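# Commentary on secondary and tertiary structure
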Amino acid sequence: MKHTNRRSLRTGLLNGPYLLWSAIFIVVPLFMIAYYAFTDSSGAFTWENIRMLTLYKETFAISLWYSLLATVITFIISFPFAYFMSRRSASAQRMMTLLIMLPMWMNLLIRTYSWMNILERNGIINNILGLIGLEPLKMIGTGGAVVLGMVYNYIPYMIIPIYTILVKMDPALLEAAEDLGASFLVKLRRIILPLSLPGILSGIIMVFVPSISTFYISQKLGGGKIMLIGDVIDRQIQTAYNYNLGASLSLVLMVFILLSMALLNRAGKDDNEDEGVMLI
Amino acid sequence: MLKEQNIIELRDICVSFDGEQVLNNLNLSIRNGEFVTLLGRSGCGKTTTLRIIAGFLEPDAGDILFDSNRMNGVPPYERPVNTIFQRYALFPHYNVYDNIAFGPRVRKVPEKEIKQQVTEMLKFVNLQGFEKRSVNLLSGGQQQRVAIARALINRPQVLLLDEPLAALDLKLRKDMQNELRNLQRQLGITFIYVTHDQEEALSMSDTVVVMNEGRVEQIGTPLEIYNEPINAFVADFIGEANILDGTMNNDYRVNFSGHDFQCLDKGFKPGEEVDIVVRPEDVDIVPPEEGMLIGEVTSVTFRGVLFEIIVDIGGFKWMIQTTDYHETGHRVGLSVLPDAIHVMRKSKYSGLYGDFSSYSDEIDQLSELTEDE
């Protein structure tokens, strides 16, 4: 009895710093967001900030649509890529992993600026088009450019978790499926996809969450014409100094993200009863 | 199809990985309905041979024939074979039922028929009531049975088994050996079994194919392989063997260890250099004055059923297995009767496998170690 007590005391002491850290940097800010969301500038309770949200229905819808689109496109590119990668020799795999991670060593801002340079009216693409006598294209300021920015910036977060699962998959399982009569498509649908589901789910979350809350990509590649929910929050806090509305927007975004994650997690568990799926 | 007819033929198969020759002009015919074992050390090419038959691997050169039809390039899912994998390769996201139903479902058999077939298979492998069980929660033996059911439900003409018992403990392995043997007799289909365990090969097979360095060394019944090994490699690999240099005097007369012996072998040139195999259990220890050969006991090891006795005869250490105890240091005689002697032609393996001197060294080292403690 005494022994257990001492042990729990020790665990408590070991956990202490982390609990303190989470309290100061996670729990307290969350409460502050909630506090700001339900108060006005004088600190009195109000529903006003929540009511104001209806003004941003469309922004929410566009953010959702673009981030979903970006997630789907990212997945469609990443899965075959990760599969291809997992079938290469060990040295080729290391090289490819390095190449995927390399852009991530550069700052997001610089990467996005480069895309501005490429897509601008006087950018690289339009220069090339001009050289071969074609009309310049309008790319900056379109939804396409914003989605492209999301896909480009977040694709490593989709490829890596899927690749990690695929590379660990026992090749004998695929041979067994083939041996039992499965063509490549059947193998893909009944073995490869279901078994890589945990990786796919983490990939989806890791692309969807930053996409739906981004503001920088849409500011730069949206050319000021495309406002996402992140831009609105950014503007309320940085420009309008309306912390209260900013907080209520953040709160709703957060609740929305948590709900979609819970939903995904459920979907993952239904298919894979034995192992829960680790998200994030 | 008739028994005795070849169901699978491999002709001049060559395979290399990264420039290393794994199979070297391999030729092999497998008769319908046989239990054939590919036996050899790891790296001898036995699993590669199996993978070529299954279709997971295409040979660099050579032909694979099923019922005299060339099968090169035919994908695994179109071949009338099924495989039991080394670690069973059960699908972890499916339960027992869905694992077994995989094959028929891919072939779009109606679900009602599948249910009936799966139930039948489960009964066949003694796993009734396990339908809904996750395969990850089964014991090794049960997983093995699921793998067998999953393969056999497709009614293959040939079942390929890649060291299927390697992951099981000794007791279970013995039981499963009997079970697999009975299964093969019951079904009457061809089993091609890969193992490195010579005892397993001898006790289960109709035909044993001894492989080494990507080639077939010898094909025969277990008795033939054991009693009439074709060369020193096979003699050494299968069981224990005293392998000596000898000279054929005439038909039925051979000289080794400085003594003339009667033997049952003929067809050699007079004076031809040969390798002699004498199995340890075929030698009798007799009083020195009655022995054909005389030597000194250098070590005795108790093995339960019998003693393994090392006798030094003119510098060559013989191993003899006997139920009688003989003390170390005693002079004894050996009696080697004609049917104990097997004469082999010289091969590239001659001289590689010699006497049991290293064996007794090991024993000496062991006893030294225990003395130190």
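Sequence order sets the numbering: in each chain, residues are counted from 1 along the sequence as written. Written order decides the labels, with chains lettered from A and ligands numbered from 1. Selection of residues for local features in this predicted model requires a pLDDT of at least 70, selection of side-chain atom pairs for listing and counting requires 80 or more, and totals for whole chains, interfaces and linings are taken over all residues. Heavy atoms throughout the structure, all of them, feed into the side-chain values; hydrogens and water do not.

## Describing a negative patch on the surface
Residues and elements named next belong to chain B. We apply this condition: Patch membership is restricted to residues that have no salt bridge and whose relative accessible area is over 30%. Joining uses 9 Å for like charges and 5 Å for the nonpolar side chains Val, Leu, Ile, Met, Phe, Trp and Tyr. In this description, accessible areas are obtained by the Shrake-Rupley approach with a 1.4 Å probe, and a residue is regarded as covered only by the protein chains that are shown. A side-chain nitrogen of Lys or Arg and a carboxyl oxygen of Asp or Glu constitute a salt bridge if their distance falls within 4 Å. Only four residue types enter the tally: Lys and Arg on the positive side, Asp and Glu on the negative side, with His and both chain ends excluded. Charge positions come from single atoms, namely NZ of Lys, CZ of Arg, CG of Asp or CD of Glu. Numbering of helices and strands starts at the N terminus; helices are DSSP runs of H or I of at least 4 residues and strands are runs of E of at least 2. Exposure classes here rest on a 1.4 Å probe applied to the protein chains alone. A residue is buried below 20% of its type maximum, exposed above 50%, and partly exposed in between.
A grouping of Glu 281, Asp 282, Asp 284 and Asp 339 is seen on the molecular surface, where their side chains present a negatively charged patch. Relative to the elements of secondary structure, Asp 282 occurs in the loop between strand E14 (273-278) and strand E15 (284-286). The class for Asp 282 is partly exposed, based on a relative accessible area of 32%.

## Considerations on unusual backbone geometry
Glycine aside, a negative phi is what most residues show, and trans is what most peptide bonds show. All names here are of chain A. For Tyr 241, which is not glycine, the phi torsion reads 50 degrees and is therefore positive. Position of Tyr 241 relative to the elements: it lies in the loop between helix H12 (229-238) and helix H13 (243-271). Looking at Tyr 241, the relative accessible area reads 62%, which means it is exposed.

## Regarding the interface of chain A and chain B
Keep this limit in mind: Two residues form a contact once any of their heavy atoms are found within 4.5 Å. Put simply, buried area is the surface a 1.4 Å probe can reach on two separate parts but cannot reach once they are joined, added for both. In protein, a polar contact means a hydrogen-donor-capable atom and an acceptor-capable atom, both N or O and within 3.5 Å, with residues adjacent in sequence counting only if both atoms are side-chain atoms; elsewhere, any N or O pair within 3.5 Å suffices.
Across the contact, 17 residues belong to chain A and 23 residues belong to chain B. Buried surface at the junction of chain A and chain B, both sides included, amounts to about 1,900 Å², of which 62% is carbon and sulfur. Interface area lost by chain A to chain B is led by Asp 179, Leu 180 and Arg 190 of chain A, which between them contribute 38%. Where chain A touches chain B, the interface holds one salt bridge. Ionic pairing is found between Glu 175 of chain A and Arg 51 of chain B, a salt bridge with its closest N-O pair at 2.7 Å. At the surface where chain A touches chain B, the tally comes to six residue pairs in polar contact (both at pLDDT 80 or more).

## So, the pairing of strand E1 (residues 6-17) of chain B
All names here are of chain B. Rule in force here: Here, strands pair whenever DSSP counts at least two bridges between them.
The pairing of E1 with strand E2 (residues 20-31) spans eight bridges and is antiparallel. Pairing of Phe 17 across the sheet is with Glu 20, part of E2. Counting the residues in the hairpin turn of E1 and E2 gives two residues, including Asp 18, whose phi is positive at 45 degrees. In this sheet, strand E4 (residues 61-66) lies alongside E1 in antiparallel orientation, the contact comprising five bridges. Along E4, the bridge assignment pairs Glu 9 with Leu 65.

## Here we look at helix H1 (residues 46-54) of chain B
Residue and element names in this part refer to chain B. H1 sits mainly inside the fold: seven of its nine residues count as buried. Those residues of H1 not exposed but buried are Lys 46, Thr 48, Thr 49, Leu 50, Ile 52, Ile 53 and Ala 54. Positive backbone phi, at 100 degrees, marks Gly 55, one or two positions downstream of H1.

## Observations regarding the environment of Gly 295 of chain B
Along the polypeptide, Gly 295 of chain B turns up in strand E16 (residues 293-302). In contact with Gly 295 of chain B, other than residues within four places in its own chain, are Val 311, Asp 312, Ile 313, His 330, Arg 331 and Val 332 of chain B.

## A short note on the environment of Val 36 of chain B
Residues and elements named next belong to chain B. With respect to the helices and strands, the residue Val 36 is situated in strand E3 (residues 35-39). Remark: the alpha-carbon pair of Val 36 and Ser 205, spanning 169 residues in sequence, is separated by 5.6 Å. With residues near it in sequence (within four places) discarded, Val 36 still touches Ile 30, Phe 191, Ile 192, Tyr 193, Thr 207 and Val 209.

## Brief notes about the domain arrangement of chain B
Residues and elements named next belong to chain B. In plain terms, the rule: All the domain ranges listed were derived from an automatic or database domain assignment.
Taken domain by domain, chain B comprises domain 1 (6-227) and domain 2 (232-372). Distance between the C-alpha centres of domain 1 and domain 2: 38 Å. If you look at the interface, domain 1 gives 15 residues, while domain 2 gives eleven residues. Roughly 1,200 Å² is buried in total at the junction of domain 1 and domain 2, and carbon and sulfur atoms are behind 58% of that figure. It is Arg 41, Gln 198 and Tyr 226 that lose the most area in domain 1 upon contact with domain 2, and together they represent 45% of the buried surface on that side. At the boundary of domain 1 with domain 2, the tally comes to one salt bridge. The partner of Lys 348 in a salt bridge is Glu 213, and the shortest N-O contact between them spans 3.6 Å. In this assembly, domain 1 and domain 2 are joined by five residue pairs in polar contact (both at pLDDT 80 or more).

## Digging into the confidence of the model for chain B
All names here are of chain B. What counts, and what does not: Scored between 0 and 100, pLDDT is the confidence that the predictor attaches to each residue.
With 94% of its residues at a pLDDT of 70 or more, chain B shows a mean pLDDT of 88. Ignoring residues within four places in sequence, the model shows residues 360-373, a span with pLDDT below 50, making four contacts including any to other chains. Scored as a complex, the prediction yields pTM 0.79 and ipTM 0.80.

## Quick word on the sheet that holds strand E13 (residues 259-262) of chain B
All names here are of chain B. Selection rule: Here an angle of 0 to 180 degrees is reported between the N-to-C directions of two axes, which are lines fitted to C-alpha atoms, with helices fitted over the stretch in contact.
One open sheet accounts for five strands, arranged E13-E12-E11-E14-E20; its pairing is antiparallel. Strands at the two margins of the open sheet, each flanked by one partner only, are E13 and strand E20 (341-345). When the angles between neighbouring strand axes are averaged without regard to direction, this sheet yields 40 degrees. In this sheet, E13 lies alongside strand E12 (residues 253-256) in antiparallel orientation, the contact comprising four bridges. For Phe 256, the partnering residue across the bridge sits in E13 and is His 259.

## Quick word on the side chain of Thr 190 of chain B
Residue and element names in this part refer to chain B. Mapped onto the elements of the fold, Thr 190 is located in strand E8 (residues 190-195). Residue classification places Thr 190 among the buried positions, given a relative accessible area of 0%. Polar side-chain contacts of Thr 190 include one of 3.3 Å to the side chain of Asn 32. Residue contacts for Thr 190: discarding those within four places in its chain leaves Ile 7, Ile 30, Arg 31, Asn 32, Gly 33, Glu 34, Gln 157, Val 158 and Leu 159.

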